[in-house]
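Summary of the model geometry
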Amino acid sequence: MGIALENVGIAVRDIEAAVAFFTDLGLALVGRDTISGEWADTAVGLDGNRAKIALLQTPDGLGRLELFEYLHPEAVETPPAQPNEIGMHRVAFSVDDIDEALAVAAKHGCRPLRGVADYEGVYRLTYLRGPSGILVMLAQDLRKG
C-alpha cells in the first residue's frame, strides 16, 4: 500500500490573517474555496458545516497546509496547545534565514516563545505563536550556506 502526506489542516479564527502570515513566510497560495454540502458533512463529520478554506504550498512543492475558517457551526475557541501536550500541536518549516523569517513573523505580531536556540552549531530554531495561536517552529540548517 502506498501512502503520501497530502496536507496538514489547521482551523483558524481569521483566514485572511493566517494566509497573509504564511504567504509572507514564503508559502504560495494554491487555491481558495468555500465548502459546504452533504459531501463536506460526511467528510468532516459535522452536519451543516460551511467553511472558507485556503490551500498553501511550500516553494519546493512537497509540503501543503490547508487552513479553514468555520462559518457554521461556529468555531470553538480552545486554549493554545503547549509544546508538551499530547496530540498535534505545531507545524515546522525549514528556512534559509531564521532572522529574516522572524522579522516577517514580527510584522504579524508573532515573536519567539523564548528566543532562538542553537542546537550544537547545526540548527538555529525557535517556536512562535502564529495566527490563531498556532505553534510554528522555524529552523535554519547552519550546515547549508
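All of the points below concern the structure found in this document. Every value quoted in this text rests on a predicted model; they were computed, and no experiment measured them. (Residues numbered from 1 in each chain as written. Predicted model: local features only at pLDDT ≥ 70, side-chain atom pairs only at ≥ 80, totals over all residues. Heavy atoms only, no water.)

**Some words on the side chain of Arg129**
Mapped onto the elements, Arg129 comes out in strand E7 (residues 123-129). The side chain of Arg129 is buried and forms no salt bridge, while Glu85, the nearest opposite charge, is found at 7.2 Å. Within the structure, Arg129 has its side chain in polar contact with the backbone oxygen of Ala81 (distance 2.6 Å). One polar contact links the side chain of Arg129 to the main-chain carbonyl oxygen of Gly133, over a distance of 2.9 Å. Apart from residues no more than four positions distant in its own chain, Arg129 is found in contact with Pro80, Ala81, Gln82, Cys110, Arg111, Leu113, Ile134 and Leu135. (Helix = DSSP H or I, 4+ residues; strand = E, 2+ residues; numbered from the N terminus. Buried < 20%, exposed > 50% of the residue type's maximum accessible area, 1.4 Å probe, protein only. Lys, Arg positive; Asp, Glu negative; His and termini not counted. Salt bridge = Lys/Arg side-chain N within 4 Å of Asp/Glu carboxyl O. Polar contact = N/O pair within 3.5 Å; in protein donor to acceptor, adjacent residues only side chain to side chain. Contact = heavy atoms within 4.5 Å.)

**A word on the nonpolar core**
With 26 residues, the main nonpolar core has Phe22, Leu67, Val136 and Leu138 as its most contacted residues. With six residues, helix H1 (residues 15-25) is the largest single contributor of residues to this core. The residues contacting Leu138, other than those within four sequence positions of it, are Leu25, Phe93, Val95, Ile98, Ala101, Leu102, Arg124, Leu125, Thr126 and Leu128. Formed by six residues, the second largest nonpolar core is a distinct cluster that contains Ile35, Ala40, Ile53 and Phe68. (Core = buried A, V, L, I, M, F, W, Y, C linked by side-chain atoms within 4.5 Å.)

The values reported here are purely geometric and, on their own, carry no functional implication.
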